[in-house]
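Structural overview
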Amino acid sequence: MSVIKDTDISLSFDDILSLFSLIIEQITKYNIDQPESSIYSSFSLKEDHPLFELSMEDYLNRITTSFSLDKETLILSMMLLDRFMLMNPLYHFTEKTMHKTIFLCIMETIKFTDDNGYTNLSFAEVGQFTPEELLEMEVCFMDKIEYNMFIKEEDYIQYQERLSKMLISWRLMIKQI
């Protein structure tokens, strides 16, 4: 069920998915040498976790396909990621934490906007986490955003416009290469 109407038809689902992957990649590169804070240990993957073998783009494709996500949900998830990172400046988005963090943003967005109501077991299976691990992560994540899932329509529209501009810049940059 849609919460916010789509206001910019220039962004396709694939455009948003590519931007999401690109942004995550850039943030991860920026934080590559940052030490992890122990208060976010539930967000870290162990070295032998199967998700380490998946690129972020492949992982996003897995999630979007499994839950039949639309571009609105992806945008809201990106906004939730921004909120999480702004509210948690000690958090370092790294190769060890990116999969869990992105999954939590998408899962919480689905829970907040979708009337279909997936079970936590379904979320755990798609995310490749145990149900217990997922619950621990979810409680920590929601606490870190102070349980605030609300996004104003005007903020959504502005964010979508910024994504459109980012896409244009990205395409121009690729043409120059």
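Note that the structure is a prediction, hence the values are computed from the model and not measured.

**A short note on the layout of surface pockets**
Estimates place the volume of the second largest pocket at around 160 Å³. Taken together, Met79, Asp82, Arg83, Leu86, Asn148, Phe150, Ile151, Lys152, Asp155 and Tyr159 make up the full set of residues lining the second largest pocket. Mapped by element, the contributors of at least two residues to the lining of the second largest pocket are helix H3 (71-87) and helix H7 (153-176). The greatest single-element share of the lining of the second largest pocket, amounting to 4 residues, is contributed by H3. Of the residues in the lining of the second largest pocket, the class split is 5 nonpolar, 1 polar and 4 charged.

**With respect to the packing of aromatic side chains**
A full pass over the atoms with the stated rule returns 8 aromatic pairs. Between phenylalanine 67 and tyrosine 118, the aromatic rings sit 4.8 Å apart at their centres with planes inclined by 70°, giving edge-to-face as the arrangement. One end of the pair, phenylalanine 67, is in the loop between helix H2 (56-66) and H3; the other, tyrosine 118, is in the loop between helix H4 (98-113) and helix H5 (120-127), with 51 residues separating them in the sequence. By relative accessible area, which is 28% here, tyrosine 118 ends up partly exposed. Look at tyrosine 118 and phenylalanine 123: their rings are 5.8 Å apart centre to centre, the planes differ by 65°, and that puts the pair in the edge-to-face class. Looking at phenylalanine 123, the relative accessible area reads 0%, which means it is buried. Feature note: the residues Tyr59, Phe67, Phe103, Tyr118, Phe123 and Phe129 constitute an aromatic cluster, connected by ring pairs.

Conventions adopted
- Residues numbered from 1 in each chain as written.
- Predicted model: local features only at pLDDT ≥ 70, side-chain atom pairs only at ≥ 80, totals over all residues.
- Heavy atoms only, no water.
- 1 Å grid on protein atoms, 1.4 Å probe; cavity = no way out; pocket = protein on both sides within 12 Å on 5 of 7 lines; lining within 4 Å.
- Points joined across faces, edges and corners; volume = space filled by probe spheres on them.
- Helix = DSSP H or I, 4+ residues; strand = E, 2+ residues; numbered from the N terminus.
- Nonpolar A, V, L, I, M, F, W, Y, C, P; charged D, E, K, R; others polar.
- Phe/Tyr/Trp six-rings, centres within 6.5 Å; stacked < 30°, edge-to-face > 60°.
- Buried < 20%, exposed > 50% of the residue type's maximum accessible area, 1.4 Å probe, protein only.

Keep in mind that these numbers describe shape and distance, not what the molecule does.
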